[in-house]
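Listed below, chain by chain, are the residues.
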Amino acid sequence: MNNFLKFSIAALLLGLTVPIHAQDSLKNTLSFQIGVAIPTGSFAKADAANEQQGFALPGFSANLELVAGSRAPLGWAFRVGLARNPLRDSAYVSALEESRGSKITSFSIEHGWRSTQLLTGPVFRIPSGRVEIDVKFLGGIAFALAPKASFIEQRAGAPFGSQVLLTPSVINPSFSFVTGVSARIPSSTKTGVVLGVEYSSMVMKRDYELFANQRDVILGRVVANNIVISVGIAF
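Presented here is a report on the structure given in the accompanying data block.

Rules and cut-offs
Residues numbered from 1 in each chain as written. Predicted model: local features only at pLDDT ≥ 70, side-chain atom pairs only at ≥ 80, totals over all residues. Heavy atoms only, no water. Helix = DSSP H or I, 4+ residues; strand = E, 2+ residues; numbered from the N terminus. Buried < 20%, exposed > 50% of the residue type's maximum accessible area, 1.4 Å probe, protein only. Contact = heavy atoms within 4.5 Å. Core = buried A, V, L, I, M, F, W, Y, C linked by side-chain atoms within 4.5 Å. 1 Å grid on protein atoms, 1.4 Å probe; cavity = no way out; pocket = protein on both sides within 12 Å on 5 of 7 lines; lining within 4 Å. Points joined across faces, edges and corners; volume = space filled by probe spheres on them. Nonpolar A, V, L, I, M, F, W, Y, C, P; charged D, E, K, R; others polar. Salt bridge = Lys/Arg side-chain N within 4 Å of Asp/Glu carboxyl O. Pairing = 2+ DSSP bridges.

**As for the environment of Asn-172**
Moving on, step 1. Tracing the backbone shows Asn-172 in strand 9 (residues 172-186).
Moving on, step 2. According to the relative accessible area criterion, Asn-172 is buried, its value standing at 8%.
Moving on, step 3. The spacing of Asn-172 and Phe-143 is 29 residues in sequence and 5.6 Å in space, taken between C-alpha atoms.
Moving on, step 4. Once you skip the residues sitting within four places of it in the chain, Asn-172 turns out to touch Ala-142, Phe-143, Ala-144, Val-203, Met-204 and Lys-205.

If you want it as structure tokens, here you go:
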């Protein structure tokens, strides 16, 4: 991750030093991108049931972004995005059994980690022949939801298993940060292909309403870090 940040900073410095021979102002561009969200750090770990580990698998990302033209090489971005990361079911069940001292006989999940982001921030544009490279630093608010699941556990000495429903209590807002690099390759006078690599980070609150069993399951806050590789179209 340090290498990624170093690359972004280097690209930014390059963008500030490359002379702009085209126009002083930049046109507005609207793009739609989809890609894969690859969890990193504690978000991807699945060793133990604690507050930090997210048990997240690679998932789906999509965003709609408007970059408003400004004085070259600076633009400003406005983005609506979403991310979905499935849960690593088997590892999650094993960690729950270890932390709760019980046997889980049935486990089902309705959805994994979910978030919707509203972001804005500066974009530094680097002209390079027919390719336009954007370096982005975006921040804003994310509305996140923890995984929703249910399981039946068998405790020692109990004649029957009991059901536990893991229902996220709230869709909680949190700060979200995204930095990355994208390249726009014109395919016509009005459209182009966009390729991007980004790093996103947000804090997701894991808080559940429990039924049929009032013992703690997993609470706390998870830092959701994803490397997002995307492709899209720009207008």
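Okay, back to it.
**Structural notes on the nonpolar core**
Moving on, step 1. By size, the foremost hydrophobic cluster in this structure holds 23 residues, and its most contacted members are Phe-43, Phe-55, Tyr-92, Trp-113, Phe-151, Leu-166 and Met-204.
Moving on, step 2. Residue assignment for this core shows that the elements contributing at least two residues are helix 2 (89-100), strand 6 (131-145), strand 7 (148-154), strand 8 (162-168), strand 10 (192-206) and strand 12 (220-234).
Moving on, step 3. Looking at which element gives the most residues to this core, the answer is helix 2, with five residues.
Moving on, step 4. Membership of the second largest hydrophobic core comes to six residues, among which are Ala-77, Leu-119, Leu-138 and Val-178.

**Here we look at empty space enclosed by the protein**
Moving on, step 1. One pass over the structure, following the stated rule, counts two cavities of 30 Å³ or more.
Moving on, step 2. Put simply, the largest cavity is a space of about 170 Å³.
Moving on, step 3. Looking at the largest cavity, it is lined by 21 residues, and the ones nearest its centre are Ser-61, Ala-83, Gln-117, Ser-200 and Val-228.
Moving on, step 4. Those elements that place two or more of their residues in the lining of the largest cavity are strand 2 (59-68), strand 3 (74-85), strand 5 (113-128), strand 10 and strand 12.
Moving on, step 5. If one sorts the elements of the lining of the largest cavity by residue count, strand 3 sits on top with five residues.
Moving on, step 6. Class assignment of the residues belonging to the lining of the largest cavity gives a composition of 11 nonpolar, eight polar and two charged.
Moving on, step 7. Estimated volume of the second largest cavity: approximately 90 Å³.

**Re the pattern of salt bridges**
Moving on, step 1. Under the criterion given, the structure shown has seven salt bridges.
Moving on, step 2. Put simply, Lys-136 and Glu-65 hold a salt bridge, and the shortest N to O gap is 2.7 Å. Residue Lys-136 is found in strand 6, and its partner Glu-65 is found in strand 2; the two are separated by 71 residues along the sequence.
Moving on, step 3. Looking at Lys-136, the relative accessible area reads 2%, which means it is buried.
Moving on, step 4. Linking Lys-103 and Glu-97 is a salt bridge whose minimum nitrogen-to-oxygen distance equals 3.9 Å.
Moving on, step 5. By sharing partners, the salt bridges in this structure join Glu-65, Arg-79, Lys-136 and Glu-198 into a single network.

**Looking at the pairing of strand 10**
Moving on, step 1. Pairing of strand 9 with strand 10, which is carried by 11 bridges, proceeds in the antiparallel orientation. Its bridge partner being in strand 10, Val-178 is matched across the sheet by Ser-200.
Moving on, step 2. If you look at the hairpin formed by strand 9 and strand 10, you'll find five residues sitting between the two strands.

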